[in-house]
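Residue-level listing of the chains:
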Amino acid sequence: MDQQNKVLEFAKPWSTAAKLEFERSTAFDAEIRVSFNQQLGNWSYIGTDSIHRNLGYHKASMNLADVDSATVLHEFGHALGLGHEHQHPDAQVTLDEQRIISDMTSHPYNWSLEQVERNILKRFTRAVVDTIPYDSLSIMAYPFPAAWLMAGSPIPRNTSLSSGDTKLVQDLYGKRAP
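Sequence order as written defines residue numbering, which begins from 1 separately in each chain. pLDDT decides what is reported in this predicted model: residues at 70 or higher carry local features, side-chain atom pairs at 80 or more are listed and counted, and totals for whole chains, interfaces and linings draw on all residues regardless. As a convention, hydrogens and water are excluded, and side-chain values are obtained from all of the structure's heavy atoms.

**Some details on the sheet that holds strand 2 (residues 43-44)**
Strands pair, by our definition, only if DSSP identifies at least two bridges between them. We count a stretch as a helix when DSSP gives it H or I for four or more residues in a row; a strand needs E for two or more, and each element gets its number in order from the N terminus. Spatial strand order, 1-3-2: three strands in an open sheet with mixed pairing. In this open sheet, the two edge strands, each paired with only one partner strand, are strand 1 (34-35) and strand 2. Sheet topology places strand 2 next to strand 3 (residues 62-63); two bridges connect them, and they run antiparallel. Within strand 3, the position partnered with S44 by the bridge is M62.

Have a look at this one:
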């Protein structure tokens, strides 16, 4: 199975849960455009940012360096408009910010300080998530090693959609008929 077909298969839980359809396309105006550059890591534009005129349809809106189920589900969550769950204002996670900045701005990540703040450290405001409860089991939560936490146990990687993920995507896109 080629990478594109694997991605479609791994993204299927989103479209099984809600009124969504993902299909392979060569159309210039596809709403989700995936590249597979190992050097660029895993990332996706959030929601309709992928079709913003400043991005242009000729550029990827998502990159997958790792084509595995958990990564594809997480990045497609972004494409559907979801942010990182650990940035929820009710997340009970106290991060060692200096350690995270040190680790993430070094090899192999080499992120900028702005990338670390935007993707890990900055919390969402209540206005952004005022009716959405925090979901520690969400595919959108980052795993955290113990060294990145001020207290508590390491937070494992979630590898499948949680019931909260399913409910949220159904609220956003409609529930698929049984």
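**So, the side chain of E85**
Its location among the elements puts E85 in the loop between helix 2 (69-79) and helix 3 (97-104). If near-sequence neighbours (up to four positions away) are discounted, E85 is found in contact with A91, P133, Y134, D135, S138, M140 and A141. Contacts are assigned to residue pairs that have any heavy atoms within 4.5 Å of one another.

**Overview of the packing of helix 1 (residues 3-17) against helix 2**
Helix axes use the C-alpha atoms of the stretch in contact, all axes being lines fitted to C-alpha atoms, and the angles between their N-to-C directions lie in the range 0 to 180 degrees. Helix 2 packs onto helix 1 with a crossing angle of 60° between their chain directions and a minimal axis gap of 9 Å. With respect to helix 2, the axis of helix 1 lies oblique. Where helix 1 crosses over helix 2, the two elements pack in a sense that is right-handed. Together, V7, F10, A11, P13 and W14 of helix 1 and S69, V72, L73, F76 and G77 of helix 2 make up the contact between the two elements. Under the scheme applied here, ten amino acids are nonpolar (Ala, Val, Leu, Ile, Met, Phe, Trp, Tyr, Cys and Pro), four are charged (Asp, Glu, Lys and Arg), and all others, including Gly, are polar. Across the contact of helix 1 with helix 2, the residue classes break down as eight nonpolar, two polar and no charged. The scheme is simple: roughly parallel for angles under 35 degrees, roughly antiparallel for over 145, roughly perpendicular for 65 to 115, oblique for anything else. By definition, turning the near helix anticlockwise from the far helix through less than a right angle yields a left-handed crossing, and turning it clockwise yields a right-handed one.

**Details of the pattern of salt bridges**
Any carboxyl oxygen of Asp or Glu within 4 Å of a side-chain nitrogen of Lys or Arg constitutes a salt bridge here. Counted according to the given criterion, the structure contains eight salt bridges. Note that E21 and R176 form a salt bridge whose closest N and O atoms lie 3.1 Å from each other. Residue E21 is found in the loop between helix 1 and strand 1, and its partner R176 is found in the segment after helix 5 (163-173); the two are separated by 155 residues along the sequence. Exposure remark for E21: the relative accessible area of 63% places this residue in the exposed category. Remark: exposure states derive from per-residue accessible area (1.4 Å probe, protein chains only) relative to the maximum for the residue type, with buried under 20%, exposed over 50%, and partly exposed in between. Judged by relative accessible area, which is 30%, R176 ranks as partly exposed. Put simply, R118 and E114 hold a salt bridge, and the shortest N to O gap is 2.8 Å. With R118 and E114 both in helix 4 (residues 113-121), this residue pair falls four residues apart, about one helical turn.

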